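One-letter residues, chain by chain:
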Amino acid sequence: MSTPKIVKGGKHHSRKEKRKHHEKSHRKAKASGSVFVTYLLYFFHLVKDFLLNLFCKWYWTNQPLCPPLTREENFLTFSAIDLARMIRTKELSSYKLVESYINRMNKINPILNAVVDGPFMEALNEAKSIDTRIENGLVTDDEFRQKPFLGVPFTTKDSTAVNGKLHTLGLLSRKTVRSKEDAECIRLVKEAGGIILATSNVPEVNKWQETRNLLIGQTNNPYDVRRTVGGSSGGEAALIASCAIPFGIGTDIGGSIRMPAFYCGIFGHKPTVGIVNTRGCTFRTGKEQSTMVVAGPMTRKACDLLPLMQILVGPETSKSLKLSERVDLKKLRYFYIRESGELRCSSVVSDLQRAMTKVVDHFSEVSDVEPTVATLSNIEYTSKMWRYWMTQEPADFNRLLGNGVKLNGFMELMKKLIGKGEFTMASIYSLIDEHLPKENADKIKELTRKCDEELTNLLGDDGILFYHSAPIPAPFHFTPLINVYNFSYWSLFNVLHVPCTQVPLGLNSEGVPLGIQVVASRNRDKDCLAVAMELERVFDGWVPPFTVV
């Protein structure tokens, strides 16, 4: 029997054809509606961010600048490996270097408020001992090779354990607590000759996009103190950028190395998950099987990243990762993505889009293959994926915040409103989030699996992805409470467990740092670092936030 026909407008349509036509029209209407909503949100973000900036510029005026350096202090801007070489060749004493960084730290900290504990005066005794041994010829060439940073000072964030030093995590309840041992990453850097000089400020239990707590206060950006340094390794980034220390060790669970590195115009590397032992980092044992947390280096100069990574991973892993092998940049394939597509994020500003264009244009000349625009499924759901995977972390962030006591977000909010609160609004926000509807586990796992599979297939063993660091450069203090989801540009690569290097790309017209993320597939950290070196060579890398007088 033939299918009944419906006559309309002089044309014959089967029911099946009519249904197809209806579905196609519905899809078009839905797509048009989706485009309309997208443009509406795009316009909303533009207006919102414009008004936020306008208000903040009006509210904060006549702020102090990052203190200048004298020409005699110019060596404080050098790379850590150059400083180590100068100590080794007796061009510079470790004592003078440590003393100069202590003086610099004491000068900048009243403005930036980045130090929790320190500077440690016993570091001068350690430096003097090193100088005496070098002067008397007691340090052999073999020891210099084993200790590539001999006599060079460094810092780490307060949440990473340093033996005998304050270990507060930014909590009033831990204001006098001291660590009884070094975290593994700190032990390794000390064994490589580094001298710990101070610990730096963090948001409460590291869980926020700004470095602020009720114990130490707010850390300010050295390029513009009205702006945030990000979190959670914000104190580290501020100290490094302002030349109060040559390098530091940070941790990263949702951008905590790369966000401050971007906002403060320095380099930061988030390693492949699992290759750096995290024992002692926010109470980690280093044996966690399922985690997004990593520890990694933060530096002013790209050349310091690789030797620090070799120290942090150890000789066996360094060999398996081929960290000492040269990378041929011409043989790599390059990809880039200009927007995450997450509707809750701000739109990427033109300054950052132009910076990416310059990067892509450069590598179109470097590579044998033209850089290609890429797409990844589900990156518009990054914040949802990260939110779910945070619930799968072995650490209980609620109990960490309560220093072992389970907290109620609504109760803490009430205490805050009557002036009895012990936490910032950011931490209370995180506590209340625990009471909100959970993400669908099966859906999120599938979204993550597909995104991971596509990235792995895209990059293979020779691909590099350029991805924006954030939609906007360093925002003004407190504005992340409104633009909550902008951090998802960093957290995507925590979810996917891949290596990622934050690279500075100069300053915008307001003197605020620009930058980009360099991403590779798992265990290809050396390729990220090699590309970072090339970007520094071409675009100059870190730019001082001060004058030299």
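What comes next concerns the included structure.

What counts as what
- Residues numbered from 1 in each chain as written.
- Predicted model: local features only at pLDDT ≥ 70, side-chain atom pairs only at ≥ 80, totals over all residues.
- Heavy atoms only, no water.
- Helix = DSSP H or I, 4+ residues; strand = E, 2+ residues; numbered from the N terminus.
- Rg over C-alpha atoms; globule rule 2.2 N^0.38 Å.
- Buried < 20%, exposed > 50% of the residue type's maximum accessible area, 1.4 Å probe, protein only.
- Contact = heavy atoms within 4.5 Å.
- Areas by Shrake-Rupley, 256 points an atom, 1.4 Å probe, with all protein chains shown as cover.
- Lys, Arg positive; Asp, Glu negative; His and termini not counted.
- Charge placed at Lys NZ, Arg CZ, Asp CG, Glu CD.
- Polar contact = N/O pair within 3.5 Å; in protein donor to acceptor, adjacent residues only side chain to side chain.
- 1 Å grid on protein atoms, 1.4 Å probe; cavity = no way out; pocket = protein on both sides within 12 Å on 5 of 7 lines; lining within 4 Å.
- Points joined across faces, edges and corners; volume = space filled by probe spheres on them.
- Nonpolar A, V, L, I, M, F, W, Y, C, P; charged D, E, K, R; others polar.
- Core = buried A, V, L, I, M, F, W, Y, C linked by side-chain atoms within 4.5 Å.
- Patch = residues over 30% accessible without salt bridge, like charges linked within 9 Å, V, L, I, M, F, W, Y side chains within 5 Å.
- Salt bridge = Lys/Arg side-chain N within 4 Å of Asp/Glu carboxyl O.
- Axes fitted to C-alpha atoms, helices over the stretch in contact; angles between N-to-C directions.
- Parallel < 35°, antiparallel > 145°, perpendicular 65-115°, else oblique.
- Left-handed = near helix turned anticlockwise from the far one by under 90°.
- Arc of directions from axis to C-beta.
- Pairing = 2+ DSSP bridges.

**So, the overall build of the chain**
Part 1: A tally of regular secondary structure across the chain gives 17 helices and 17 strands.
Part 2: By the compact-globule yardstick of 24 Å for 549 residues, the chain fits well, its C-alpha radius of gyration being 25 Å.
Part 3: Its C-alpha atoms put the chain at 105 × 65 × 45 Å along the principal axes.
Part 4: Per-residue burial for the chain yields a buried fraction of 57% across its 549 residues.
Part 5: In the chain, once contacts between residues fewer than 6 apart in sequence are set aside, the share between residues at least 24 apart is 76%.
Part 6: Counting only carbon and sulfur atoms, one obtains 55% of the accessible surface of the chain, whose full area is about 24300 Å².
Part 7: The positive charge centre, built from 70 side chains, and the negative charge centre, built from 59, are 8 Å apart in the chain.

**Section: the side chain of Thr-299**
Part 1: Considering the arrangement of structural elements, one finds Thr-299 in strand β12 (residues 294-299).
Part 2: For Thr-299, the side chain forms a polar contact with the main-chain oxygen of Lys-301, separated by 2.8 Å.
Part 3: When sequence neighbours within four positions are dropped, the list of residues in contact with Thr-299 reads Ile-240, Pro-246, Phe-247, Ile-266, Phe-267, Asp-304, Leu-305 and Leu-308.

**Considerations on the layout of surface pockets**
Part 1: For the largest pocket, the calculated volume is near 920 Å³.
Part 2: Along the walls of the largest pocket sit 42 residues, with Lys-207, Trp-386, Met-390, Ser-430 and Asp-433 positioned nearest its centre.
Part 3: For the lining of the largest pocket, the secondary-structure elements that each account for two or more residues are β10 (247-252), α11 (382-391), α12 (397-401) and α14 (425-433).
Part 4: Tallied by class, the residues present in the lining of the largest pocket amount to 16 nonpolar, 13 polar and 13 charged.

**A look at the nonpolar core**
Part 1: Core analysis: the largest hydrophobic core is formed by 153 residues, its most contacted members being Leu-465, Phe-466, Val-531 and Leu-535.
Part 2: With sequence-adjacent residues up to four places away left out, Leu-535 is seen in contact with Val-359, Phe-363, Phe-466, Val-503, Ile-516, Val-518 and Asp-540.

**A few points about a nonpolar patch on the surface**
Part 1: A surface patch of nonpolar side chains, amounting to about 860 Å² of accessible area, comprises Tyr-39, Tyr-42, Phe-43, Leu-46, Val-47, Phe-50, Leu-51 and Leu-54.
Part 2: Secondary-structure assignment places Leu-46 in helix α1 (residues 15-59).

**Re the packing of helix α13 (residues 409-417) against α14**
Part 1: Where α13 meets α14, the closest approach of the two axes is 8 Å, and the angle between their N-to-C directions is 150 degrees. When the axes of α13 and α14 are compared, the pair comes out roughly antiparallel. At the point where α13 passes α14, the crossing takes the left-handed sense. Counted together, Gly-409, Phe-410, Glu-412, Leu-413 and Lys-416 of α13 and Met-425, Ile-428, Leu-431 and Ile-432 of α14 form the full contact between these two elements.
Part 2: The residue inventory of the contact of α13 with α14, partitioned by class, reads 6 nonpolar, 1 polar and 2 charged.

**Describing empty space enclosed by the protein**
Part 1: On inspection of all chains with the given rule, the structure shows 2 cavities of 30 Å³ or more.
Part 2: Computed from the structure, the largest cavity encloses a volume of approximately 80 Å³.
Part 3: For the largest cavity, the full set of lining residues is Glu-204, Val-205, Lys-207, Phe-397, Asn-398, Leu-401, Ser-427, Ser-430, Leu-431 and Glu-434.
Part 4: Of all the elements in the fold, those that place two or more residues in the lining of the largest cavity are α12 and α14.
Part 5: Roughly 70 Å³ of internal volume is contained in the second largest cavity.
Part 6: Lining of the second largest cavity is provided by Gln-209, Tyr-263, Ala-470, Pro-471, Ile-472, Pro-475, Pro-480, Asn-483, Asn-486, Phe-487 and Trp-490.

**Things to note about unusual backbone geometry**
Part 1: A cis geometry characterises the amide bond from Gly-118 onward to Pro-119, with omega recorded as 0 degrees.
Part 2: In this structure, Pro-119 sits in the loop between β3 (115-117) and α4 (122-135).
Part 3: Positive phi, normally seen in glycine, also occurs at Val-205, with a value near 55 degrees.
Part 4: Examined against the element boundaries, Val-205 turns out to sit in the loop between β5 (195-200) and β6 (212-213).
Part 5: The phi dihedral of Phe-283 falls on the positive side, at around 70 degrees, and the residue is not glycine.
Part 6: With respect to the secondary-structure elements, Phe-283 resides in the loop between β11 (267-270) and β12.
Part 7: Its relative accessible area of 42% is what places Phe-283 among the partly exposed residues.

**Focus: helix α2 (residues 80-88)**
Part 1: Looking at α2, one finds that the buried residues are Ala-80, Leu-83, Ala-84, Met-86 and Ile-87. Mapping the buried residues of α2 onto a view down its axis gives an arc of 160 degrees, with all of them on the same face.
Part 2: In the core, the buried residues of α2 are packed alongside α3 (94-112), α4 and β10.

**Regarding the pairing of strand β16 (residues 500-507)**
Here is the key point about a regular strand: its side chains alternate between the two faces of the sheet.
Part 1: Most of β16 sits inside the fold, with 7 of its 8 residues counted as buried.
Part 2: With 3 bridges joining them, β11 and β16 adopt antiparallel strand pairing. Opposite Lys-270, over in β16, you have Cys-500 as the bridge partner.
Part 3: Note: β16 against strand β17 (residues 513-519), 6 bridges, orientation antiparallel. The residue bridging Val-503 from the neighbouring strand is Ile-516, located in β17.
Part 4: Joining the antiparallel neighbours β16 and β17 is a turn of 5 residues, in which Gly-511 adopts a positive phi near 80 degrees.

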